[in-house]
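What follows is each chain in one-letter form.
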Amino acid sequence: MSRKRERLARRDVIKYGGALGMGGIFAGCLGDDDTDGTPTPDQKPDSFVYATSQSPASIDPARSLDELEGIIATNVYDSLARYSADFPPEVVPAIATDWEIDEGGEIFTFDLRDDVVFHNGDELTAEDVVFSVERMMEIRAGPSWMWDGTMEPDAATALGDYQVEIELNHTYAPFEATLPWLFIVNKDQVLEHEEDGDLGGGWLEDNDAGSGPYRLNEYDRGQTIELGRHDDWWGEFAGDTFEQVDIEIGREVSTTVGLMEAGDAHLTDRWLPVTLYEDLDESDIVETLETATFNTYYVFLHSQRPPLDDVHVRRAISYAFNYETAMDILGTDDPFLSPLPEGMEYHTTDGVTVYEQDLEAAEAELEQSEYDLEDIEFNYAYQPAIEANSDMGLMMQDELGDVGITVNLEEMTWTAMVENSTSLETAPDSFPLWGLIEYADPDAYMWSHYHSSQINTFLNGGKYDNEHVDQLLVDGRRTIDDAQREQIYTELQQIISADAPAIFVANDMTRYSISTAVSGFQDNGIMGYTHQFQNIEFSG
């Protein structure tokens, strides 16, 4: 069976439900005369307000794993290095003023600033860095996956009050790129609040022990995270930054639109329907920013649960998927052609299985499957607060049905998605994910999504376990030679695309709507480091 479909105009995707319907509903919130009658702020508000549909599962920096948790961690805590605001971003000094690497690439010696003050007034020294490394690698959650098998809890040694040595188990090519995620906590403060060997984890869910540009003032779960400016921060604030930042969490789309239209919020998240960004852009007090960085969109397929454990079923789904309509839903025309985004080093399509909608190819794969067609059924889990995800499910239900595959839609909150993904038994059959990158190296994508050590996290949502791929991923981490790394990541892309543990949908355009009364926001493509509140100032 085959058929030819015309590419849909963005606003014609309404046949799949929410995204564009919501745009029509909330365009009315903006008024028929754009924003006539809505006052443009001429006075600096008390706080900068970021409205998001997300809620954090944890605010402990050793457990921070998703976008919002990263935003909180990078503003409340310092690290040895940070990412610059431009794209492509560079690793720049932070707590460490500079560092040296031994000839074997395994020993790093960091010289630390001597003017860093924690939010409680304590001085940051090398002992705090040593403790933070130990704590991160003992807890083994959040960012620790970046150093899994590479850095042990005792890897760091204080060589003085302001010098630290970190010895790795082996050469690790992306180590410098990961330094911005090695958050430093106040050793004495954390240990003072330790209970039953939790390394202060319980206390850090309601308090902070950081030295970053903003401190945690208050955390009202499910409502607001209030941050206050740390005036003794060692770094530089932009000219007229805000004394306070309010992160309005778990907000409905309608609430976010209303807050922006009224001038009561200054920045949306990236998860609104495309047409709402377009509608908000028509306002006199709001503009929409569009940036192409490393961000990708894909749909995981649980490769260890029937019938998705059959590679032919996964390939059939990848061929039956309508990529053009999916890109219309997302508001982009840039396809995701391999397991690495086009802007990433070593991206290639040479020898890579590139999927496009081909119903005949889908049916040919189904004929090779061990499952009877009537048994090929799976659930697609999505967050109802993100309209693009629900629209994607409706489209899959329609398109995959044309080759006899049944897709059931299942609403699931993001917190539940993360928690359920910790087990092969409770993990969703299928769910969508924006591939946000923590550091600018192919390892950031490949290791978290496809190494078997990450199988009990949402990052390896396909529950992919391939021994040869595991070894190649280890080789990619331990190889510094550029030509050899390129060969390794080329082979990885070829194998993973053929195994189809996910539907590779699009290199997605990132959008935010922002108040015209503020300036300094820059999307550098690095999750968490996109929102550096010390750079955002009131411009009137």
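As shown above, the structure is provided for reference.
The following refers to the structure shown. On a predicted model such as this, the values are computed, not experimentally measured, just so you know.

Before going further, it helps to examine the nonpolar core. One finds F110, W147, M151, I166, F175 and I247 to be the most contacted residues of the largest nonpolar core, which totals 154 residues. Counting residues per element, this core draws most heavily on helix α3 (residues 126-139), at eight residues. What M151 contacts, discounting residues up to four positions off in sequence, is V133, M137, R140, I166, L168, N169, F175 and L182. Counting residues in each nonpolar core, the second largest holds 12 residues, with V49, Y277, L280 and I285 among its members.

Right, let's get into the environment of D154. In this structure, D154 sits in the loop between α3 and β7 (156-160). When the C-alpha positions of D154 and D281 are compared, they lie 51 Å apart, and in sequence the two are 127 residues distant.

This part covers the sheet that holds strand β8 (residues 163-167). Pairing is antiparallel in the open sheet, where four strands are placed in the order β5-β6-β8-β7. The sheet is open, and its two borders are formed by β5 (96-101) and β7, each paired with just one other strand. Geometrically, the sheet is characterised by an average inter-axis angle of 25° between neighbouring strands, direction not taken into account. Inspection of the sheet shows strand β6 (residues 107-112) paired to β8 by five bridges, in the antiparallel sense. Within β8, the residue paired with F110 across the bridge is V164.

Let us now look at unusual backbone geometry. In this structure, the amide linkage connecting F87 to the following residue, P88, adopts the cis form with an omega of -5°. Note on placement: P88 falls in the loop between β3 (81-83) and β4 (91-93). Unlike most non-glycine residues, R140 shows phi in positive territory, near 50°. Looking at the element boundaries, R140 is found in the loop between α3 and β7. Note on R140: relative accessible area 40%, which makes it partly exposed. Phi is positive for K463, which is not a glycine, with a value near 50°.

For the rest of this paragraph, the subject is helix α8 (residues 311-320). The element α8 is largely enclosed, with a buried count of eight among its 10 residues. Of the positions making up α8, those classed as buried are H312, V313, R314, A316, I317, S318, Y319 and A320. For α8, the N-terminal capping position is held by D310, with its side-chain oxygen 2.8 Å away from the main-chain nitrogen of H312.

Calculation criteria
- Each chain carries its own residue numbering, running from 1 in the direction its sequence is written.
- With the structure being a predicted model, the display of local features is reserved for residues of pLDDT at least 70 and the display and counting of side-chain atom pairs for 80 or more, all residues being used for whole-chain, interface and lining totals.
- As a convention, hydrogens and water are excluded, and side-chain values are obtained from all of the structure's heavy atoms.
- The set of buried Ala, Val, Leu, Ile, Met, Phe, Trp, Tyr and Cys residues whose side-chain atoms join them within 4.5 Å is what this entry labels a nonpolar core.
- Working definition: with a 1.4 Å probe on protein chains only, accessible area under 20% of the residue-type maximum means buried, over 50% means exposed, and in between means partly exposed.
- Here a helix means four or more residues in a row that DSSP labels H or I, a strand means two or more in a row labelled E, and each is numbered from the N terminus.
- Whether two residues are in contact is decided by their heavy atoms: any pair within 4.5 Å suffices.
- Whether two strands pair depends on DSSP finding at least two bridges between them.
- Only the stretch in contact is used when fitting a helix axis, every axis being a line fitted to C-alpha atoms; angles between N-to-C directions are given from 0 to 180 degrees.
- We define a polar contact as two N or O atoms separated by no more than 3.5 Å, with the added condition that, inside protein, one atom must be a possible hydrogen donor and the other a possible acceptor, whereas residues neighbouring each other in sequence contribute only through side-chain atom pairs.

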